[in-house]
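# Remarks on the overall topology
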Amino acid sequence: MLTERQELILKTIINDFTQTHDPVGSKTVMNQLPIKVSSATIRNEMAVLEDKGLIEKTHLSSGRVPSTEGYRYYLDNLVEPLQISSSVYKRIISQLDQPFHQVNDIVQAAVKILSDLTNYTAFAEGPENSELTITGFRIVPLFNRQIMAVLGTSDGDVHDQVYTLPYNVNGDEIEQAVRMINDQLVGKTLDQVTPDYLKKTLGNKLKVAHVSELINLVEDVINDAASEQTYVDGQINLLNNISLDDISNLRSLYEMIEHNDLISSILDNRQNLKSDRYPVRVSLGSELSNDLLKDYSLLTAEYSVGSHGKGIIALLGPDNMPYSQVIGLLEYFRNELSKKLLDYYGRFK
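Throughout this document, residue positions are counted from 1 along each chain, in the order its sequence is written. For a predicted model such as this one, the threshold for reporting local features is a pLDDT of at least 70, and the threshold for listing and counting side-chain atom pairs is 80 or more; totals across whole chains, interfaces and linings nevertheless cover every residue. Only hydrogens and water are removed before side-chain values are computed, so all heavy atoms of the structure are retained for them.

## Description of the sheet that holds strand β8 (residues 280–284)
Sheet strands associate in pairs through backbone hydrogen bonding, adopting either a parallel or an antiparallel arrangement. Stated formally: By the convention used here, strands pair only if DSSP detects at least 2 bridges between them. What counts as a helix is a DSSP run of H or I of at least four residues, what counts as a strand is a run of E of at least two, and both are numbered from the N terminus. Only the contacting stretch of a helix is used when fitting its axis, a line to C-alpha atoms as for every element, and angles between N-to-C directions run 0 to 180 degrees. When checking whether two residues touch, look at their non-hydrogen atoms; a contact exists if any pair is within 4.5 Å.
Spatially, β7-β3-β10-β9-β8 is the arrangement adopted by the five strands of the open sheet, whose pairing is antiparallel. In the strand order of this sheet, the two ends are held by β7 (230–233) and β8, each with one partner. With direction set aside, neighbouring strand axes in the sheet form an average angle of 20°. Of the strands in this sheet, β3 (121–125), β7, β9 (296–304) and β10 (310–318) are in contact with helix α6 (residues 103–118), which crosses β7 at around 30°.

Put into structure tokens, the structure is as follows:
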């Protein structure tokens, strides 16, 4: 652990560096410290911080910059989230105060708002809710034997997928199947409708050709409804943290972010780095599983929608971001997202 004065100096260096992105010298620290300390004493304390690996010297300046270890110490012990400004507050309230018709729309709008506010890449996972029930199933004819299977759930969301029917399945059989599916599945939770349940209930009662294909169709739509939805916005902001030397990594970063499984695995790292101080957890690049993210930080916060489940909202930005501001923003934003979703779900009571 550091002395109180060393902590003040480290905090001052990090706060200044995240605002200016320039190495910080002893004179700058002396002018910003809330206590009166001589320049010589500050230089000595900075030397101690450097010996401990918390700050480091760059080749281009006599000043110092925070190291990864310095950021981690600061995040674990010193960071103080800032309250958002009234203009940011009004912007969030205004943009969330829209007539959304689905949970997906709300969460997708949330990541766009968060990305626009920070100029970082924003992610979210929708609320997990194993208690969602099926409210209806229908099949919409398209063309060339293509159909759209549509499943409604108790949160007001609609899930659909397009399929091509076998040639020897006729319209009457489809109508019979839809009636049977609704009779058997409406009111059931998504967790209850397992593959075995579908085979037992539909497989034994549907008297149509290609029963297995129809059961697979229903299973696919239900799996889609039950799966975690991942949302992304602001991928272009990755350019803000890429130097000309690293431009070859940009395509790999884009591909990684577009691949939802990889996003989910990154977000899952949050379980390994829980913060006892604040609801926002910060993973530095060296703590993430992908080397492409070594110069980034991932901030994640859980939002709760009561009995309707929990989700994750996250930001990926440069490791020298102004953490106090961004953590304060994410803390506030997760609460507003929860309120908006609770208000939406309240319509279905």
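Right, picking up where we left off after that structure.
## Remarks on a nonpolar patch on the surface
Convention followed: Without a salt bridge and with relative accessible area above 30%, a residue can belong to a patch; like charges are then joined within 9 Å and nonpolar side chains (Val, Leu, Ile, Met, Phe, Trp, Tyr) within 5 Å. Note on areas: Shrake-Rupley with a 1.4 Å probe; residue coverage comes only from the protein chains shown. For this document, the term salt bridge refers to a Lys or Arg side-chain nitrogen within 4 Å of an Asp or Glu carboxyl oxygen. Residue burial is assigned from relative accessible area. The probe radius is 1.4 Å, only protein chains are included, and a residue is buried under 20% of its type maximum, exposed over 50%, and partly exposed in between.
Taken together, the side chains of Leu-142, Phe-143 and Val-162 present a nonpolar region at the surface, about 280 Å² in accessible area. Tracing the sequence through the fold places Phe-143 in the loop between β4 (134–141) and β5 (146–153). Its relative accessible area of 54% is what places Phe-143 among the exposed residues.

## Here we look at the side chain of Thr-18
Along the chain, the position of Thr-18 falls in helix α1 (residues 4–20). Among the residues examined, Thr-18 registers a relative accessible area of 6% and is labelled buried.

## Brief notes about the pattern of salt bridges
Scanning the model with the defined rule gives nine salt bridges in all. Across the pair Glu-80 and Lys-11 runs a salt bridge whose closest N-O atoms are separated by 3.1 Å. Taken together, the residues span a long stretch of sequence, with Glu-80 in the loop between α4 (68–77) and α5 (86–96) and Lys-11 in helix α1 at a distance of 69 residues. Overall, Glu-80 belongs to the partly exposed group, its relative accessible area being 48%. With its nearest N and O atoms 3.3 Å apart, the salt bridge here joins Glu-336 to Lys-339. Note that Glu-336 and Lys-339 are positioned in helix α12 (residues 323–346) at a spacing of three residues, about one turn of the helix. Classification of Glu-336 as buried rests on a relative accessible area of 11%. Among the charged side chains, a network of salt bridges with common partners joins Arg-72, Asp-76 and Glu-287.

## Examining the packing of aromatic side chains
As a reminder, the rule being used: In summary, the pairing rule links any two rings of Phe, Tyr or Trp, Trp by its six-membered ring, whose centres are within 6.5 Å, and it sorts them by plane angle into stacked for under 30 degrees, edge-to-face for over 60 and tilted for everything else.
All chains considered together, the criterion is met by three aromatic pairs. Ring centres of Tyr-344 and Tyr-345 lie 5.9 Å apart, and the angle between their planes is 70°; on these two criteria the pair is classed as edge-to-face. The exposure class of Tyr-344 is buried, given its relative accessible area of 1%. Relative accessible area serves as the criterion here: at 4%, Tyr-345 is assigned to the buried category.

## Some words on the environment of Glu-302
Tracing the backbone shows Glu-302 in strand β9. For Glu-302, a relative accessible area of 28% corresponds to the partly exposed category. Spatially, the C-alpha atoms of Glu-302 and Glu-125 are 9.5 Å apart, while their sequence positions differ by 177 residues. If near-sequence neighbours (up to four positions away) are discounted, Glu-302 is found in contact with Pro-279, Lys-310, Gly-311, Ile-312 and Arg-334.

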